Amino acid sequence: MHIYMVSGLAEIEIAGNQSMKNTIKHLSEFGHKISVFSFLPQNYATLQNPKKIFNSGVEFHRLPAGLSYILYAGKNIKDTIGRWGRNGEGRSAQREEYNFLGRVFYIILLFLFYLPFEFARVSYYFYKKKPDIFYGLNYQGALVASLLARIYRKPVVTRFYGASDIKERELLTLKNRFLCLDIICGMKSYSNAVIMTNDGTRGDKKLKLMGIDESKIHFWMNGLDIDDLVLPAGWEPDKFKEGRGLKGKKIIIMISRLSKWKKVDRGINCVHKLIKAFKMNDVALIIIGEGPEMESLKKLTERLGIKNEVRFIGGVPHREVYKYFTISNIFMTLYDISNLGNQLLEAMYFGLPIVTLDDGSTEDLLKNNYNSLLVKTDDIESELPLNVKKLLDNELWSREIGRNAKKTFEEKVISWKERMRLEDALIRKVADSQ
């Protein structure tokens, strides 16, 4: 079966988007030919070479390098406009870094530039070789794939990596519906089946609020690419730790894109209190990830006087992440919106005790004082450092919490191959029913 996958700005990047990589990898292994239409340019710095990852049944169509200046110019203008007096309080994840004008500019770019350009580009390839099914990724890709499917009378599946970009209350007012126009149009776009990732952001409920037929919604948790996390023969975590000046340190690890809503600053403030108030001078915080808040977070560590105790590693290729898990004592995630992500699953795989928020997003996996410590959202500032201190002070209890996290992982988390078998069966069913 030939799948046209329209991915918008979603891509296979060096240090991110394992969901897209595994989707393509396993669907191609199951016998599908996949043509990916990405709106990122060939010379985009963080992209991986698909020929080194996938078999011959996968082809990528990225923007020609000569058109990259259009994308960069639009992004820079949006960022500049969007940060004039920004105030992200109460906004959804995608909008929290931009003000009203920045968001309006983005929507104009999307509907007046991206949609017609991408529709024309994919149509060109369609007439050269027709696919059996369209597959739209996230809001931009779903819109184009849906439109193509309706016009060319082909089946279509849409796929969303969660619903953190919109809150339920933003569906209630005209202004917010306009500012979320791309998200709403993407999620409501015509499809024969909708795959919504169960990442704790309650995307299934939001789809239903938008009037999507419940029978079309497939609400699945991501799998885990365990092959990337297998420890190599002879791996010595103590040497790795010592080589980075962390010998004798109790290490807390946080992994995320450094965006405002991911609240890495909470972890930094927690470590500050552990060191300054509780005199725990053997604590270090490792932060893996890149993003717009990097410089702001670094300045925060300087103001708090803990610059040397907080290590910003930047983006790390997925196959290298195990190195940092194996030297860590605690995994911490403190997002505003949902804390059920691949990084949390990976920490459970390595048997790390989890410290996160009691926000309901992880209730299918985590139980307080069993495989994690859950902090009430209205008491983060005082309770978070106390919970972390309990784990660091009691090594036997910490190991028990970690063992239970590993046990829960083995009981409830499936591999990406198992997860993608569900999707393969769905795609074949949709295609056969048309």
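A look at the overall build of the protein
Secondary structure summary: the protein contains 15 helices and 13 strands in total. Across its three principal directions, the C-alpha atoms of the protein cover 65 × 50 × 40 Å. Within the protein, the fraction of its 434 residues that count as buried is 55%. Counting contacts in the protein only where the partners sit at least 6 residues apart, residues at least 24 apart contribute 72% of the total. The averaged location of the 51 negative side-chain charges in the protein is 3 Å from the averaged location of its 66 positive side-chain charges.

Examining the pairing of strand S7 (residues 217-220)
Successive residues of a regular strand alternate their side chains across the two faces of the sheet. Pairing of strand S6 (residues 193-197) with S7 involves four bridges; the strand directions are parallel. Each bridged residue has a counterpart across the sheet, and for isoleucine 195 the counterpart in S7 is histidine 218. In this fold, the crossover linking S6 to S7 by way of helix H7 (residues 203-209) has right-handed handedness.

Let's talk about the side chain of lysine 206
With respect to the helices, strands and loops of the structure, lysine 206 is situated in helix H7. Of note is the side chain of lysine 206, whose polar atom sits 2.7 Å from the backbone oxygen of isoleucine 166. Once residues within four sequence positions are removed from consideration, lysine 206 is found in contact with Ala163, Ile166, Lys167, Glu168, Met187 and Thr201.

A word on the pattern of salt bridges
For the coordinates displayed, the defined rule picks out 15 salt bridges. A salt bridge links lysine 208 to glutamate 214; its shortest N-O distance comes to 3.5 Å. Judged by its relative accessible area of 36%, lysine 208 is partly exposed. Glutamate 214 gets classed as exposed once you look at its relative accessible area, which sits at 52%. Through salt bridges that share partners, Arg159, Arg419 and Glu423 make up one connected network.

Comments concerning the packing of helix H12 (residues 342-349) against helix H14 (residues 395-412)
Packed helices, taken two at a time, are described by the angle their axes make and the gap between the axes. Contact geometry for H12 and H14: axes closest at 7 Å, N-to-C directions at 115°. The orientation of H12 relative to H14 falls into the category roughly perpendicular. Contact with H12, carried on its side by Leu345, Met348 and Tyr349, involves Ala405, Lys406, Thr408 and Phe409 of H14 and no other residues of that element. For the contact of H12 with H14, the per-class residue count stands at five nonpolar, one polar and one charged.

Points about the nonpolar core
In this structure, Ile252, Ile268, Leu285, Met332, Val355, Leu384 and Val388 are the most contacted members of the largest nonpolar core, which totals 32 residues. In terms of residue count, the dominant contributor to this core is helix H9 (residues 264-276) (six residues). One finds Ile286, Tyr324, Leu340 and Met348 within the second-largest nonpolar core, a separate group that totals 31 residues.

Concerning the sheet that holds S6
As summarised here, the arrangement of the seven strands in space is S3-S2-S1-S4-S5-S6-S7, forming an open sheet in which the pairing is parallel. Each of the sheet's edge strands pairs with one partner strand only, and the pair in question is strand S3 (58-63) and S7. In this sheet, neighbouring strand axes are inclined to one another by 20° on average, regardless of whether the strands run parallel or antiparallel. Pairing of strand S2 (residues 33-41) with S3, which is carried by five bridges, proceeds in the parallel orientation. When the sheet's bridge partners are listed, valine 36 is paired in S3 with phenylalanine 60.

Digging into the packing of aromatic side chains
As enumerated under the stated definition, the model contains 23 aromatic pairs in all. Taken together, a centroid distance of 5.9 Å and an interplanar angle of 70° make the contact between phenylalanine 39 and phenylalanine 113 edge-to-face. In this pair, phenylalanine 39 sits in strand S2 while phenylalanine 113 sits in helix H3 (residues 100-128), placing the two residues 74 residues apart along the sequence. Taking relative accessible area as the criterion, phenylalanine 113 reaches 27% and is therefore assigned partly exposed. Put simply, the rings of Tyr4, Phe37, Phe119, Tyr124, Tyr125, Phe126, Tyr127, Phe134 and Tyr152 touch in pairs and so form one group of aromatic residues.

Scoring rules and cut-offs
- Residues numbered from 1 in each chain as written.
- Predicted model: local features only at pLDDT ≥ 70, side-chain atom pairs only at ≥ 80, totals over all residues.
- Heavy atoms only, no water.
- Helix = DSSP H or I, 4+ residues; strand = E, 2+ residues; numbered from the N terminus.
- Buried < 20%, exposed > 50% of the residue type's maximum accessible area, 1.4 Å probe, protein only.
- Contact = heavy atoms within 4.5 Å.
- Lys, Arg positive; Asp, Glu negative; His and termini not counted.
- Charge placed at Lys NZ, Arg CZ, Asp CG, Glu CD.
- Pairing = 2+ DSSP bridges.
- Right-handed = clockwise from strand over helix to strand, strands pointing away.
- Polar contact = N/O pair within 3.5 Å; in protein donor to acceptor, adjacent residues only side chain to side chain.
- Salt bridge = Lys/Arg side-chain N within 4 Å of Asp/Glu carboxyl O.
- Axes fitted to C-alpha atoms, helices over the stretch in contact; angles between N-to-C directions.
- Parallel < 35°, antiparallel > 145°, perpendicular 65-115°, else oblique.
- Nonpolar A, V, L, I, M, F, W, Y, C, P; charged D, E, K, R; others polar.
- Core = buried A, V, L, I, M, F, W, Y, C linked by side-chain atoms within 4.5 Å.
- Phe/Tyr/Trp six-rings, centres within 6.5 Å; stacked < 30°, edge-to-face > 60°.

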